[in-house]
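Take a look at the letters that make up each chain.
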Amino acid sequence: MSNPAVPPRSLAEALRSRDDVSLAALLRARPDLITPVPTDLTQLATRAGTRASVVRALERLDRFALQTAEALAVAADPAPLEELRALLTGDGGDPAVSAALPRALATLREQALVWGDDDRLRLVRTARELLAPSPQHPSPTGLGPTVQEATAGMSPNRIQDIVTAAGLGSTHDAVSAVASLTALFTDRKRMSALLDGLPEESREVLARLVWGPPYGQVTADPAARLRRLLDLGLLVPTAPGTVVLPREVALHLRGGRAHREVEPVAPVVEPAATHRPQVVDATAAGQAYTALATVEELLKDWDEGGPAVLRAGGLSVRDLKRTAVALDVAEPVAAFWVELAYAAGLLASDGEADERYAATPAYDEWLEQPAAQRWTRLVEAWLPATRVSGLVGGRDAKDRTLSTLGPGLDRGAAPEVRHRVLTLLAGLPEGAAPSRESVLARLRWERPLRGPQREDDLRSRLAEWTLAESELLGVTGRGALSGHGRALLGARAGGSGPRSGAARTGGSAPTAPSGTPEGMRHGPGDKLPVHHHRLPVAEPLSPAEQATASAAAARLLAPLLPEPLDHVLLQADLTAVAPGPLQRSLAEVLDVLADVESKGGATVYRFTPASVRRALDAGQSASDLHAFLAAHARTPVPQPLTYLIDDVARRHGHLRVGAASAYVRCDDDALLNEILADKRAAGLRLRRLAPTVLAAQADPASLLEGLRAMGFAPAAESAEGDVLITRAHAHRTPPRTAPEPVPDGPPVPEATLLSAAIRAVRAGDLASTTPRKQTDAPPRATGELPRTGSAETLATMQAAVLTGEALWIGYVNAEGAASQRVIAPIRVEGGFVTAYDHTADEVRTYPLHRVTGVAELAEE
């Protein structure tokens, strides 16, 4: 490890001076650095400076941390802290910015985007290249190049002319001339005097360029107001017809500020309305029950086989419209319920040749669970889901329409945004519903868009969809987080923040837990305030924690859900009113016996001849139906309903249809004569075979349908002459697993993995940096494994056992992967060496034939 008293000369040395807690914070904030585990700290620093990793880290900074990095990109390299503070606060100073700067700088240091002491702050080279101004990629600060950069291609004579026009003494070379001009532009008093001598028109030109973009167009013969600026170097030509405002000039005109507006503090999420918590919970519980009923109705509608699967995958637009009509919701809402059932593993494609969507066996298990547990099953599937139903109807990168259940709907950022929105709601007092604008403003501050701001950016749309979907699911009620919603997140009651013991310090990215992972060693003290000046952010629950939180949410929700009723109210107009949710057995029979006429707080069922015949076809008798209604009606059974059942039952099965191609059999030949005389029977092509039998060229199903359309009540019969009882066949897919979420990058490593990774990196770094004893052998390249013969290896190992010295070895494992390790041999026997391995921080045994060589370490 490097000496903490000596300033680091590279990012690798800066990382080497960190303790294990600080390294754990870096790897949690940037988990891509640990995949795979680096061999040493030099490789870790190299990986932390790659373009892909730096871009990802910059995208996860909050607005002020990003503004701090942008300001550092236009400062000197290295820059003292005071210069950075001046760029952010301006000449007048800003106490709020000064107070927030340590936190932002700690975030940048923690994530290895900035290194060095306060008097020599350095932005990693890749981040500087991304954030520094250039003609191809303008800086968000709106600043242009420095005087030195802008005049790089200018002739020495032209530079001397500018120096002379500015009232400066001529120099012997262009370098000193540029330095003299830079000193003028950075001197506040002399610069103010120079600008005061300009005409008003020239100052207006500078005012138009001062906040960017810094480039402007001029003609071959510029006007006098522009000519004066060009002569003084206040505008510098960069290409024919193009001029730029030098950075030093712009900073003077801005009063030293790198940004027009600096946002050091996160916007507050403001309540738009406040309701009593009891009202919020009751409203949310009602929505939760509606969610359960909607999903059940959806899958019941697809019980005998749902819509066909498109060739490219997904649901057709027509089928989505039909589903929306059946559920009595808008198409985007129908897409949400379909995707939710899919995410919960309740529906899938059946995999048949004529592939269709249908319920899975898990749906039947789900139906048997209590209502509160069924709700938690849906919400647990929604929280981590990466499939986004709000994208349905849009276009993908190849301009193809995105369909429900189809490919292209995964967005890795969805779970993070969903959890963050709900966490912001949990931070409000109970019953407080936030304004949409304040939630979006907070999210944009936490993850600002690099480049032009767009109102339709994905994170904002995900946040809006989260607010709508949480209301549909009953996680929120009237826009406020419900009590069971707080329990689901593991939040404390009262809106006081994240769950106890589960909050972590973090700004724009996850950081290390506030304790040292077990087994980690501490190195020299690190100046980084890793666990201070950070915004508290609640992390998603682990699977075990989520199961506990879901159980708590179910316990809170269960008393709020309506109890299923065992009765209906029968009315004289052949309708039945269910004043609330019905018991499953009652609802199943009633769905067959009657048609749903309207839904809402109370469901209205209507009895018709067709619905009664449907019940009789399912094997019920008239007496069964009468007994059922008498047992479940709180009102007397109306006479019209009794007559309807008896009338349909009297005629039901009077006609018998069987398979010849098809035939109609009836003991009443007058009824058969009536059928033959009916013009509507022409399409059935009937002819009399016997006084009581008619033959048809239509199949039995078509014949049954045709006769029912004519107003008759035929019954199908088997080859033995028995009446066939028709029951709906519940089509199920084979067992299916729910779709796995598509992560947005590598997952945050757990403490156990962090501990092992940091031990390995430390040991690898020790092996690569520890001095070796000088030998007569030719020097090896840095990082090359030692090579010695078997006899020399054995002798060196045995000598180390006696002296207790540590050795540097090269080792090849059973998979053929080579590595270098620092070991302290304890015993050598039987072709094996037993030693304390600094890589694993434990005693291990290695086969000597896999050791490629050994080298003694210097005594220091």
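Residues numbered from 1 in each chain as written. Predicted model: local features only at pLDDT ≥ 70, side-chain atom pairs only at ≥ 80, totals over all residues. Heavy atoms only, no water.

## Regarding the pattern of salt bridges
Point 1. According to the stated counting rule, one finds 35 salt bridges in the structure shown.
Point 2. Note that aspartate 62 and arginine 103 form a salt bridge whose closest N and O atoms lie 3.0 Å from each other. Separated by 41 residues along the polypeptide, aspartate 62 in the loop between α4 (51-59) and α5 (63-73) and arginine 103 in helix α7 (residues 95-110) bring together distant segments of the chain. Residue aspartate 62 shares its accessibility class with arginine 103, and that shared class is buried.
Point 3. Residues joined by salt bridges that share partners form a network here, namely Arg60, Glu416, Arg447 and Arg459. (Salt bridge = Lys/Arg side-chain N within 4 Å of Asp/Glu carboxyl O. Helix = DSSP H or I, 4+ residues; strand = E, 2+ residues; numbered from the N terminus. Buried < 20%, exposed > 50% of the residue type's maximum accessible area, 1.4 Å probe, protein only.)

## Side note on the confidence of the model for the protein chain
Point 1. Taken as a whole, the protein chain shows an average pLDDT of 83; of its residues, 87% reach a score of 70 or greater.
Point 2. Here residues 492-537 scores under 50 on pLDDT; set against residues more than four positions off or in separate chains, the count is 131 contacts.
Point 3. Between residues 776-783, whose pLDDT stays under 50, and residues either more than four places distant or in other chains, the model counts six contacts. (pLDDT = per-residue confidence, 0-100. Contact = heavy atoms within 4.5 Å.)

## Notes on helix α22 (residues 436-446)
Point 1. Most of α22 is tucked away, with eight of its eleven residues classed as buried.
Point 2. Within α22, burial applies to Ser438, Val439, Leu440, Arg442, Leu443, Arg444, Trp445 and Glu446.

## Remarks on the sheet that holds strand β23 (residues 807-812)
Point 1. Strand order in the open sheet made by the five strands is β26-β25-β24-β23-β27, with antiparallel pairing throughout. With one partner strand each, in any of the chains shown, β26 (842-847) and β27 (851-856) form the two edges of the open sheet. Each neighbouring strand pair of the sheet contributes to a mean axis angle of 45 degrees, computed without reference to strand direction.
Point 2. Where β23 and β27 come together, five bridges link them in antiparallel fashion. Bridged to tryptophan 808 within β27 is alanine 855.
Point 3. Where helix α33 (residues 790-803) meets the sheet, its contacts fall on β23, β24 (818-829), β25 (832-837) and β27, and the angle it forms with β24 comes to roughly 60 degrees. (Pairing = 2+ DSSP bridges. Axes fitted to C-alpha atoms, helices over the stretch in contact; angles between N-to-C directions.)

## A closer look at the packing of aromatic side chains
Point 1. This model, assessed by the stated rule, comprises four aromatic pairs.
Point 2. Arranged with centres 5.0 Å apart and planes meeting at 55 degrees, the rings of phenylalanine 336 and tryptophan 337 form a pair that is tilted. Considered together, phenylalanine 336 and tryptophan 337 belong to a single accessibility category, that of buried residues.
Point 3. A cation over a ring is seen here: arginine 374 above tryptophan 366, with NZ or CZ 5.3 Å from the ring centre. (Phe/Tyr/Trp six-rings, centres within 6.5 Å; stacked < 30°, edge-to-face > 60°. Lys NZ or Arg CZ within 6 Å of the ring centre and 35° of its normal.)

## Notes on the side chain of glutamate 339
Point 1. Considering the arrangement of structural elements, one finds glutamate 339 in helix α18 (residues 331-343).
Point 2. Note on glutamate 339: relative accessible area 5%, which makes it buried.
Point 3. Setting aside anything within four residues of it in sequence, one finds glutamate 339 in contact with Arg387, Ser389, Thr404, Leu405 and Leu409.

## Considerations on the packing of helix α21 (residues 414-426) against helix α23 (residues 458-473)
Point 1. Put simply, α21 and α23 touch, their axes get as near as 9 Å, and they point 60 degrees apart. Relative to α23, the element α21 lies oblique. Classified by chirality, the crossing of α23 by α21 is right-handed. In this structure, α21 uses Ala414, Glu416, Val417, Arg418, Val421, Leu422 and Leu425 to contact α23, whose residues at the interface are Arg459, Leu462, Ala463, Thr466, Leu467, Glu469 and Ser470.
Point 2. In the contact of α21 with α23, the residues fall into eight nonpolar, two polar and four charged. (Parallel < 35°, antiparallel > 145°, perpendicular 65-115°, else oblique. Left-handed = near helix turned anticlockwise from the far one by under 90°. Nonpolar A, V, L, I, M, F, W, Y, C, P; charged D, E, K, R; others polar.)

## Concerning the nonpolar core
Inside soluble globular proteins, nonpolar side chains tend to come together where they are buried.
Point 1. Grouped together as the largest cluster of nonpolar side chains are 91 residues, with contacts concentrated most on Leu84, Phe185, Leu234 and Leu235.
Point 2. Among all residues touching phenylalanine 185, those that are not within four sequence positions of it are Val147, Met191, Leu194, Leu232, Gly233, Leu234, Glu248, Val249 and His252.
Point 3. Core analysis: the next-biggest nonpolar cluster, separate from the first, contains 68 residues, Ala334, Leu378, Val379 and Val417 among them. (Core = buried A, V, L, I, M, F, W, Y, C linked by side-chain atoms within 4.5 Å.)

## Comments concerning empty space enclosed by the protein
Point 1. For the structure on display, the rule yields six cavities of 30 Å³ or more.
Point 2. The volume enclosed by the largest cavity comes to roughly 110 Å³.
Point 3. Taken together, Phe336, Glu339, Leu340, Ala343, Trp382, Ala385, Arg387, Val388, Ser389, Arg418 and Glu469 form the lining of the largest cavity.
Point 4. Broken down by element, the lining of the largest cavity gets its largest block of residues, four residues, from α18.
Point 5. Residue composition of the lining of the largest cavity, by class: six nonpolar, one polar and four charged. (1 Å grid on protein atoms, 1.4 Å probe; cavity = no way out; pocket = protein on both sides within 12 Å on 5 of 7 lines; lining within 4 Å. Points joined across faces, edges and corners; volume = space filled by probe spheres on them.)

## Describing the sheet that holds strand β14 (residues 569-571)
Point 1. Pairing is antiparallel in the open sheet, where four strands are placed in the order β14-β15-β17-β16. A single partner strand is all that each edge strand has here, and the edge strands are β14 and β16 (595-598). Averaged over all pairs of adjacent strands, the angle between strand axes in this sheet comes to 30 degrees, irrespective of strand direction.
Point 2. Here β14 pairs with strand β15 (residues 575-578) via three bridges, running antiparallel. Bridge assignment links leucine 570 to a residue of β15, and that residue is alanine 576.

## Observations concerning unusual backbone geometry
Point 1. A cis geometry characterises the amide bond from threonine 35 onward to proline 36, with omega recorded as -5 degrees.
Point 2. Here the bond from aspartate 77 into proline 78 is cis, since omega is 0 degrees, no more than 30 degrees from zero.
Point 3. Within the secondary structure layout, proline 78 lies in the loop between α5 and α6 (81-89).
Point 4. Phi at aspartate 328 is positive, roughly 60 degrees, even though this residue is not glycine.
Point 5. For aspartate 328, the position within the fold is in the loop between α17 (317-327) and α18.
Point 6. Its relative accessible area of 66% is what places aspartate 328 among the exposed residues.
Point 7. Of note in the backbone geometry, arginine 478 takes a positive phi value of approximately 55 degrees without being a glycine.
Point 8. Within the fold, arginine 478 resides in the loop between β10 (476-477) and β11 (480-481).
Point 9. Residue classification places arginine 478 among the partly exposed positions, given a relative accessible area of 46%.

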